[in-house]
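Each chain, letter by letter, is given below.
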Amino acid sequence: MIEGRCLCGAVRITAARFNGEVSVCHCAMCRRWGGGIMAGFVAPADAVTVSGEVGRYASSDFSERAFCPRCGSSLWMRDHGGDYELSPGLFDGAADFPLVREVYADQAHRFAGFSGDHPRITRAEYEQTHPHVEGDA
Ligand SMILES: [Zn+2]
Ligand SMILES: [Zn+2]
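Nothing here was measured: the structure is a model prediction, and the numbers come from that model.

Thoughts on the overall build of the protein chain
- Looking only at helices and strands, the protein chain features 2 helices and 11 strands.
- Its helices and strands taken in sequence order, the protein chain reads β-β-β-α-β-β-β-β-β-β-β-β-α from the N to the C terminus.
- For the protein chain, the C-alpha radius of gyration of 14 Å lies close to 14 Å, the compact-globule estimate for 137 residues.
- Along the three orthogonal principal directions, the C-alpha set of the protein chain runs to about 35 × 30 × 25 Å.
- A sequence separation of at least 24 residues applies to 54% of the contacts in the protein chain between residues at least 6 apart.
- Carbon and sulfur atoms make up 48% of the accessible area of the protein chain, which amounts to about 7,600 Å² in all.
- Separation of charge centres in the protein chain, based on 13 positive and 18 negative side chains, amounts to 6 Å.

A short note on the pattern of salt bridges
- Here the structure, examined in full by the defined rule, presents 4 salt bridges.
- When the shortest N-O distance is used, the salt bridge between Arg-56 and Glu-64 registers 3.0 Å.
- Residue class for Arg-56 comes out exposed when judged on its relative accessible area of 52%.
- Given the relative accessible area of 13%, Glu-64 is considered buried.
- The salt bridge involving Arg-120 is made with Glu-102; its shortest N-O contact spans 3.5 Å. Of this pair, Arg-120 sits in strand β11 (residues 120–121) while Glu-102 sits in strand β10 (residues 99–103), and the two are 18 residues apart along the sequence.
- The buried category is assigned to Glu-102, whose relative accessible area is 3%.

Here's the deal with the coordination of the zinc ion (ligand 2)
- Ligation of the zinc ion (ligand 2) by protein atoms is provided by Cys-25 (SG), Cys-27 (SG) and Cys-30 (SG), these donors lying 2.2 to 2.3 Å from the ion.
- In primary sequence terms, the donor set of the zinc ion (ligand 2) follows C-x1-C-x2-C.
- Its relative accessible area of 6% is what places Cys-27 among the buried residues.

Quick word on the sheet that holds strand β6 (residues 55–60)
- Spatial ordering of the open sheet is given by β6-β7-β8-β9-β4-β3-β10-β11, a layout of 8 strands whose pairing is mixed. The open sheet terminates on both sides in strands that have one partner only, identified here as β6 and β11.

Observations regarding the coordination of the zinc ion (ligand 1)
- At the metal site, the zinc ion (ligand 1) is ligated by Cys-6 (SG), Cys-8 (SG), Cys-68 (SG) and Cys-71 (SG), and these contacts range over 2.3 to 2.4 Å.
- Geometry at the zinc ion (ligand 1) is tetrahedral, judged from the 4 donor atoms that bind it and their angles of 106 to 114° at the metal.
- Positions of the donor residues of the zinc ion (ligand 1) along the chain correspond to the pattern C-x1-C-x59-C-x2-C. Here Cys-6, found in the loop between β1 (2–5) and β2 (12–15), pairs with Cys-68, found in the loop between β7 (63–67) and β8 (74–79); they are 62 residues apart in sequence, far enough to count as distant.

Basis of the calculations
Residues numbered from 1 in each chain as written. Chains lettered and ligands numbered in written order. Predicted model: local features only at pLDDT ≥ 70, side-chain atom pairs only at ≥ 80, totals over all residues. Heavy atoms only, no water. Helix = DSSP H or I, 4+ residues; strand = E, 2+ residues; numbered from the N terminus. Rg over C-alpha atoms; globule rule 2.2 N^0.38 Å. Contact = heavy atoms within 4.5 Å. Areas by Shrake-Rupley, 256 points an atom, 1.4 Å probe, with all protein chains shown as cover. Lys, Arg positive; Asp, Glu negative; His and termini not counted. Charge placed at Lys NZ, Arg CZ, Asp CG, Glu CD. Salt bridge = Lys/Arg side-chain N within 4 Å of Asp/Glu carboxyl O. Buried < 20%, exposed > 50% of the residue type's maximum accessible area, 1.4 Å probe, protein only. Donors = N, O, S within 2.8 Å, 3.2 Å for Na, K, Ca; no water. Pairing = 2+ DSSP bridges. Tetrahedral: all angles 85-135°; square planar, octahedral: opposite > 155°, others 65-115°.

The structure is reproduced here in structure tokens:
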């Protein structure tokens, strides 16, 4: 079980099960939404409990990005009916989660490169096998 909250505390999230590893995305939408990057760890939908009012933005035909309407904290990204990609910064217990991959690594702003030997997946590599939004850059 891991527990988190937004900046103002109006939204609280618990996840009974989660993968405990962080992926970072540098795509154009994630850069804007997250202030530079989006970081997320995965929790299955049936393991996540949310309290408080949540704003939802349909950032594509297949996914939503959720935020606190009061303080603006980025809460999660989720494909419809899929797993949650929860923002690790909301969860004190995520402090030691390892970074396991960067996606859209070739699109990263220079300040946002991460050290380590994790996979760095390019836009072209990612878009071969995943749903994506055309022309987002
Ligand atoms: Zn808030
Ligand atoms: Zn992205």
